[in-house]
Structure formats: structure tokens, C-alpha cells
Amino acid sequence: MIADTPVLSAQNLTKTYGSTTALDGVSATVRAGESVAVMGASGSGKTTLLHCLAGIVLPDTGSVRLFGTATGVPAEITSLDDAARSALRRTEFGFVFQQGLLIPELTAGENVALALMLNGTPRQVAEQQAAAALAALGLAGMEGRRIGELSGGQAQRVAIARAQVNGARVLFADEPTGALDSRTSADVMALLLQSVAGTGRALVVVTHDPEVARWCSRVLTLADWRMVADTAGVAR
Ligand code: ADP
Ligand code: MG
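Since we're looking at a predicted model, the values are computed, not measured.

### Re the pattern of salt bridges
Working definition: two side chains of opposite charge can pair if their charged atoms are close together.
Next up, step 1: A full pass over the atoms with the stated rule returns 10 salt bridges.
Next up, step 2: Across the pair Arg 169 and Glu 92 runs a salt bridge, and its minimum N-O distance is 2.7 Å. With Arg 169 in the loop between α5 (152-164) and β7 (170-174) and Glu 92 in helix α2 (residues 82-92), this residue pair connects regions lying 77 residues apart in the sequence.
Next up, step 3: By relative accessible area, Arg 169 is classed as partly exposed at 23%.
Next up, step 4: One salt bridge in this structure joins Asp 230 and Arg 218, with 2.8 Å as the shortest N-O distance. Of the two residues, Asp 230 is situated in strand β10 (residues 226-232) and Arg 218 in strand β9 (residues 218-223); the sequence distance between them amounts to 12 residues.
Next up, step 5: Assessed through its relative accessible area of 10%, Arg 218 is described here as buried.
Next up, step 6: Salt bridges linked by common partners bring Arg 31, Glu 34, Arg 218 and Asp 230 together as one network.

Structure follows, in C-alpha cells:
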């Protein structure tokens, strides 16, 4: 793994919603193996930046490139249609949000296995891999529990397992500890970083919490929809 290799590169992104600005000329590069915190006041464009990087939202202008694809040709995410972007999201990216991405009616194991089955893994294999991924995050034997029967911290571990089980090269987390107490937050953040450390996988984590940002290798700061700082983090 070469730590300096870019995985994602965004150039000059702009985005408006009617008369509301969400991004105003933002560029950012994410490299293999790094953990990047995105900070900034509420409304400064953090979520929009993350969604543009992940191909969930298309910017009005600017480009996002994904490097190291199977074809060897960088993917111009901003030029892909919906189907191609959604295929990229299933295979290259994993997502951990504050809450709501897990299906409450399904068990922990089923939630994780679903990410694999959507990529064509047979159910039985998917369930075995899901159980192993959950065990690696401290949830051994809990694959049969429904999400509603788990604590907030346990549910976020399931979300982390699901985000990375498909071999995603980039994990995106949008305020993943926003609904947790500070102790549980620290645990979840540590697991999130552990799941990228030494794998070459990159993590992009939106957070308001300077403690969370401290754990990352780089900190990007947005203000008024622009990038105002790009600094080395304290960790690693
Ligand atoms: P942050 O995550 O930093 O709080 P966002 O990226 O969510 O900021 O939002 C940036 C600005 O764009 C805000 O003013 C927000 O209200 C607006 N915005 C974001 N998404 C939408 C949307 N889908 N429709 C309308 N306005 C939006
Ligand atoms: Mg946000």
C-alpha cells in the first residue's frame, strides 16, 4: 500500500440549492490509508461535500475522480449516470451515518449480509462473512439480534461492519457519533479508525467534535462553503 496514492480527488466543487449555497469552490484529495476529518459549523457544506465525493449528489460545477478502479482508468464520478454511481457506491464505498441506515426489522447479521448480497454474494456465504465482520467489531454471537434490541453503540458497530464488509476502499461517516454519549463515541470512533488502519482503506468522517477529529490523520475545515484549512491531525 502506498500511503500517498490519491483515492478520491475533488476539484472546485460548487453546489447551490435555489438561492442557498452549499459548496463554493471546494477542492479536496483523499489518499489511501488516511483518515480525514471534515469540520465546520452547521450549514457550512460538510454533508454536501461528503455526498459529492461519494457520488450521492452531483455538484453544479467541478469534478470528482476516483482512482485505482479495476479498469485502471480513473472514474470521473461526476460524469457517470445514476446507475453507474450507485454501482460504485455498492462496491467502492461504505457509509456510516448518525442513524437510520440500518433496517430495524432485520437482524444485525442480515443488515450486514445485505450489503454483500446486493453485490451478488450468495446468502449463506454472506451470512458467514457478516458474522465474522460483526465478531471482529466485538459483536460475536449477536448476529441474530434485531437492531432495535441493540444499544446505540452496538448499532453503530453493525453499521461499521456493514460499511466495510464489501471491501470498500473509502468509508464515509457523517457525524457517526452524534447520537452517542462521549464514552460510547470514543469506542465507536476507535473501531472506525481500526477498521481502516493498516488496510489502505480511507476514512472520511464529518464531525463537530474536536476530540473525534484529533483521532484522524488530517483535518479539513469548511467555513462559508469553502475549504479554509487542511492540516495534519494529531493521530498517526
Ligand atoms: P453541514 O453538513 O455542514 O451542516 P450541508 O452540506 O448539509 O451542511 O448544507 C449546506 C447548506 O446547503 C445548508 O444551508 C443547507 O440547508 C443547504 N442544503 C443542503 N442540502 C440541501 C437540500 N437537499 N435542499 C436544500 N438545501 C440544502
Ligand atoms: Mg451535515
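### So, the site of ligand 1
Next up, step 1: Residues in close proximity to ligand 1 include Tyr 17, Thr 20, Thr 21, Ala 22, Ala 41, Ser 42, Gly 43, Ser 44, Gly 45, Lys 46, Thr 47 and Thr 48, which together make up its full environment.
Next up, step 2: At 2.8 Å, a side-chain N or O of Lys 46 approaches an oxygen atom of ligand 1.
Next up, step 3: Contact between ligand 1 and Thr 47: an oxygen atom at 2.9 Å from a side-chain N or O atom of the residue.
Next up, step 4: Here ligand 1 has 550 Å² of accessible area as a free molecule, and 61% of this is covered by the chains.
Next up, step 5: Only β2 (20-31) and α1 (46-53) provide two or more residues apiece to the shell around ligand 1.
Next up, step 6: Looking at side-chain class alone, the shell around ligand 1 contains three nonpolar, eight polar and one charged residues.

### Focus: unusual backbone geometry
Next up, step 1: One non-glycine residue, Asn 12, lies in the positive phi region at around 50 degrees.
Next up, step 2: Mapped onto the fold, Asn 12 is located in strand β1 (residues 6-17).

### Remarks on the packing of aromatic side chains
Next up, step 1: Per the stated rule, a full pass over the model turns up three aromatic pairs.
Next up, step 2: The interplanar angle of 80 degrees and the centroid separation of 5.2 Å between the aromatic rings of Phe 93 and Phe 172 together place this pair among those described as edge-to-face. One end of the pair, Phe 93, is in strand β6 (residues 93-97); the other, Phe 172, is in strand β7, and 79 residues separate them in sequence. You'll find Phe 93 and Phe 172 in the same group, each marked buried.
Next up, step 3: Ring geometry for Phe 95 against Phe 97: centres 5.9 Å apart, planes inclined by 45 degrees, an arrangement best described as tilted.
Next up, step 4: Taking relative accessible area as the criterion, Phe 95 reaches 14% and is therefore assigned buried.
Next up, step 5: Put simply, the rings of Phe 93, Phe 95, Phe 97 and Phe 172 touch in pairs and so form one group of aromatic residues.
Next up, step 6: We note Lys 15 situated over the ring of Tyr 17; from NZ or CZ to the ring centre the distance is 5.3 Å.

Scoring rules and cut-offs
- Residues numbered from 1 in each chain as written.
- Chains lettered and ligands numbered in written order.
- Predicted model: local features only at pLDDT ≥ 70, side-chain atom pairs only at ≥ 80, totals over all residues.
- Heavy atoms only, no water.
- Salt bridge = Lys/Arg side-chain N within 4 Å of Asp/Glu carboxyl O.
- Helix = DSSP H or I, 4+ residues; strand = E, 2+ residues; numbered from the N terminus.
- Buried < 20%, exposed > 50% of the residue type's maximum accessible area, 1.4 Å probe, protein only.
- Near = heavy atom within 4 Å.
- Polar contact = N/O pair within 3.5 Å; in protein donor to acceptor, adjacent residues only side chain to side chain.
- Areas by Shrake-Rupley, 256 points an atom, 1.4 Å probe, with all protein chains shown as cover.
- Nonpolar A, V, L, I, M, F, W, Y, C, P; charged D, E, K, R; others polar.
- Phe/Tyr/Trp six-rings, centres within 6.5 Å; stacked < 30°, edge-to-face > 60°.
- Lys NZ or Arg CZ within 6 Å of the ring centre and 35° of its normal.

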